[in-house]
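Results of the structural survey
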Number of protein chains: 2
Amino acid sequence: MGAPGVSARTVEVAAHVGEQVVIHGWLQAQRRLGGVTFLIVRDGWGTAQAMAETEAELAPLVEAKAGVESVVTIMGTATAAPQAPGGVELRELRITVITSIHEAPPVALNKREVKAGVTTLLDTAVVTNRHPTRRALLRLAGGAMGGFRATLTAQGFTEIQTPKLVASATEGGANVFPVDYFGRQVYLAQSPQFYKQIMVGVFERVFEVGPVFRAEPHSDTRHINEYVSLDAEMGFIANHFTVMATLRDVVAGIFGALGEGYAPELALLGATLPDVPAEIPHIHFAEAQELILRLHSVDSRGEPDLAPQEERWLGEWARTEHGSDLLFVTGYPTSKRPFYTYPDPMRPEYTNSFDLLFRGTEMVTGGQRLHRYADYLAALERTGLPSEPFAWYLDAFRYGMPPHGGFAIGLERLVMQLIGVANIKLATLFPRDLTRLEP
Amino acid sequence: MGAPGVSARTVEVAAHVGEQVVIHGWLQAQRRLGGVTFLIVRDGWGTAQAMAETEAELAPLVEAKAGVESVVTIMGTATAAPQAPGGVELRELRITVITSIHEAPPVALNKREVKAGVTTLLDTAVVTNRHPTRRALLRLAGGAMGGFRATLTAQGFTEIQTPKLVASATEGGANVFPVDYFGRQVYLAQSPQFYKQIMVGVFERVFEVGPVFRAEPHSDTRHINEYVSLDAEMGFIANHFTVMATLRDVVAGIFGALGEGYAPELALLGATLPDVPAEIPHIHFAEAQELILRLHSVDSRGEPDLAPQEERWLGEWARTEHGSDLLFVTGYPTSKRPFYTYPDPMRPEYTNSFDLLFRGTEMVTGGQRLHRYADYLAALERTGLPSEPFAWYLDAFRYGMPPHGGFAIGLERLVMQLIGVANIKLATLFPRDLTRLEP
């Protein structure tokens, strides 16, 4: 391959001015300007510019008829060039075509913005996820997972992976996908709830990052049918406020990790990280309904849940009143929370539960759980559920569990709200909705 | 609660000799000996001993009729006691019963070993996973995931989470679980193979930790139907040996993380970490068959795969010949590898693929993949597969992919081989097999 060069990522070229450098990647753009040709090469981390001054330098591209998205290696001298992105470009090029592409991608990848509607973007995600803005957004999801794990690991949590094939629905209701398991009907787990509780009996503090499946026939911009849940569960709590304090640290850890490791991605997307206050403000569900009545003349008292518009109003209020993008709503009504939820000892029609709203959308659900065996039997009877299918789960409580609680962060919701994406389907690699199973 | 004490984990008590300490956990054992009563309390990290010298100290346990696995808080003075585990015990106790348990667990948790057969252990896993030896083993899985991610993150890999609900089988064959998806038949992903390859086009280097589902009607000690796959995929490789070099670093990173962070667990289980040589020895599939013929007089030449016994023989040979617990077998026959496998350019009946054997059992599978669109079309036609269901996947190659490859580590296989567990079902929290979906 001729003279040796320093192998470098595109984002490292600037550190090698004056040296012979080899980069590889996708030919994102090629344009002729005043007798020279500029090439933009994209690798997994960023882009670099190369400038060809002669036809001979470009000959390998011409011979291979290599168009955009062709895969290439370019050797050249890293040269300071104030007009080039990053202030440096490669010159005196030796180009090798690795994979020659002759067909233009379905959506142009070399414009500043991806110019396509949601359906086209989703249909062509295999290719459009390569666009720098799509890629930056998707990379943030990786960073968020890292921040979640690092924070909890430092606090003594153990990572677990629990089964996704289950014999009975975990959250009750009919919103489960049936699976044909060697001729037997089983289900996809709606959450790791039962297992993470059981594992509190083993490790005291556990977390899991994994897929959850919800057969809810939504057709909106806030739901997908398979999503990534960042779950945690911890023992020996006083009540749900202990869990909320840990969640506060986790949220601070996630945004801290993004701020440290993902500044270029955030800048490209024009996203601003929220400040996470030492104590995130909280409001009780009943007070929240009173507040909405007072501020917006909408009387939803007696409703067991908050409507999306009400969550947005509360988000605005938290911003105005507390200067916070984050708001805990606590004490959701018993009627709306699953049977394992711990009731508020003072007001048993409410629960020791919470949602965390981020910029006016629910991003986390959590709370304290029942921990006494007798309480489970009573709760199942009260809600009309048979106890037999849950016998294995109830064994954890039969043989001793401490007061405990936890939470589940919706990864796509977090990314959606952070970046301000209008549709959650654009906040993940390859979403699943009512009709979409490809790509 | 009276006099304040330092809140500590059981494993931290020894650092507080002379101080008033509060621990919490499960009452693992209680035994009277020469006029005093010893209590063993287990929390999420280990155990601590407490000694009661008076009936008054024990009164809360007696009043609550609290048996083993009751959840308690114990305050006491940390006192040096050479005979106690860890050389320290709590004395002058103030006990609070949090959850009182009157029924003994189905399998005793306070013996040195769990005394039960495999079926009982699996049936009662909700409780028996609390046993210190079970727990130590299960915690190692968490450490292995951490080591996997840390190594790859340091090498520029991005973490992804790909869909588990897919429209068509990824690995071919009938071994997929059908899912009823809003009335449409779809499948559970057998691997993230297609998606991780696609994402090489986006991030160049990616990894994923997640569940995979195999509807293989095995009934043996080496297979489960849902397992955790540690997947990686990388672009711009020379051939499968580039991937093997990265895998070597990953394996060293996993065992390094276990050695650093999990020494007590390894000691409890009597497990020895393998040395990971700078270069793991490798042998070509065809040579491996010749070797087996020579050493064991078994002629399997012409067979497209290795039998479990043959893998064990190769493991012994690697140990004897190279002093290594790890051995790469390369160049598996084309007929046995999936359509996306890159053929050996010199001998197209073999492939640029590998398995990594760990102590004589396959723990990792990997290789180089095809990267040219035309090669995919030809491979699908050759194997008699229609290309239409794969159109979305093929788009990645249609619009430019570099030479790439990757691997998938079976987490449970790794734990099984490391600890020397005879049955893989005991190397995971809650296994799924032909008939088992609970707990």
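Scoring rules and cut-offs
- Residues numbered from 1 in each chain as written.
- Chains lettered and ligands numbered in written order.
- Predicted model: local features only at pLDDT ≥ 70, side-chain atom pairs only at ≥ 80, totals over all residues.
- Helix = DSSP H or I, 4+ residues; strand = E, 2+ residues; numbered from the N terminus.
- Buried ≥ 20, exposed ≤ 12 C-beta atoms within 10 Å, placed from the backbone.
- Contact = placed C-beta atoms within 7 Å.
- Pairing = 2+ DSSP bridges.
- Axes fitted to C-alpha atoms, helices over the stretch in contact; angles between N-to-C directions.
- Parallel < 35°, antiparallel > 145°, perpendicular 65-115°, else oblique.
- Left-handed = near helix turned anticlockwise from the far one by under 90°.
- Least-squares fit on C-alpha atoms with pLDDT ≥ 70 in both.
- Nonpolar A, V, L, I, M, F, W, Y, C, P; charged D, E, K, R; others polar.
- Expected span 1.5 Å × (residues − 1).
- Arc of directions from axis to C-beta.

If you tally the helices and strands in chain A, you get 12 helices and 17 strands. Here the C-alpha coordinates of chain A stretch approximately 80 × 55 × 40 Å along the principal axes. Looking at chain A as a whole, 51% of its 439 residues qualify as buried. In chain A, the proportion of contacts linking residues at least 24 apart, taken out of those at least 6 apart, comes to 63%.

Residues and elements named next belong to chain A. Note: strand β8 (residues 165-166) against strand β10 (residues 184-188), two bridges, orientation antiparallel. Residue pairing for β10: V166 is matched across the bridge by Y187. If you look at the hairpin formed by strand β9 (residues 178-181) and β10, you'll find two residues sitting between the two strands, and F182 has a positive phi there, around 50 degrees.

Residue and element names in this part refer to chain B. Between helix α4 (residues 132-154) and helix α12 (residues 411-419), the least distance of the axes is 10 Å, while the angle of their chain directions is 125 degrees. With respect to their mutual orientation, α4 and α12 come out oblique. In terms of crossing hand, the pair formed by α4 and α12 is right-handed. Residues L137, L140, A141, A144 and M145 of α4 pack against L411, L414, V415, L418 and I419 of α12.

As a further point, take the relation of the copies chain B and chain A. By a simple turn and slide, chain B fits onto chain A: the slide is 0.0 Å along the axis, the RMSD is 0.0 Å, and the turn is 180 degrees. Viewed as a symmetry operation, the transformation between the two copies matches a two-fold axis. Of the C-alpha atoms belonging to chain B, the one lying closest to the rotation axis is found on B:V179, 2.2 Å away. When the interface residues of chain B are mapped onto chain A, 100% of them again lie at the interface, so the same face is used by both copies.

Our next topic: the interface of chain B and chain A. Taken together, the contacts link 70 residues of chain B with 70 residues of chain A. Residue composition of the side of chain B that touches chain A, grouped by class: 38 nonpolar, 15 polar and 17 charged.

This part is about the sheet that holds strand β12 (residues 226-235) of chain A. Residue and element names in this part refer to chain A. With mixed pairing, eight strands are arranged side by side in an open sheet as β7-β11-β12-β17-β16-β15-β14-β13. Since the sheet does not close on itself, it has two edges, and those belong to β7 (158-159) and β13 (282-284), each with one partner. As defined by bridge partners, strand β11 (residues 205-213) adjoins β12 across nine bridges and the pair is classed as antiparallel. The partner of V209 across the bridge, within β12, is L230. Each of β13 and β14 (326-330) is contacted by helix α8 (residues 285-296), which is oriented at about 90 degrees to β13, the strand it contacts most. Contacting β12, β15 (353-358), β16 (361-369) and β17 (404-410), helix α12 (residues 411-419) runs over the sheet at an angle of about 55 degrees to β17.

A cis amide bond links A:E438 with the next residue in sequence, A:P439, at an omega value of -10 degrees. Phi at A:K65 takes a positive value of approximately 50 degrees, unusual for a residue other than glycine. Under the C-beta neighbour-count criterion, A:K65 is labelled exposed, with 11 such atoms within 10 Å. The phi torsion at B:F236 lies on the positive side, around 60 degrees, for a residue other than glycine. In this fold, B:F236 is placed in the loop between β12 (226-235) and α6 (240-261).

Here the focus is helix α8 (residues 285-296) of chain B. For the α-helix, the turn length of 3.6 residues means that residues three or four positions removed from each other point alike. Residue and element names in this part refer to chain B. Compared with the 16 Å implied by 1.5 Å per residue over 12 residues, the 16 Å span of α8 between its first and last C-alpha is a close match. Every buried residue of α8 is accounted for by F285, A288, Q289 and I292. All buried residues of α8 fall inside an arc of 100 degrees around its axis, so they share one side. Looking one or two places after α8, you find S297, whose phi comes out positive at around 55 degrees.

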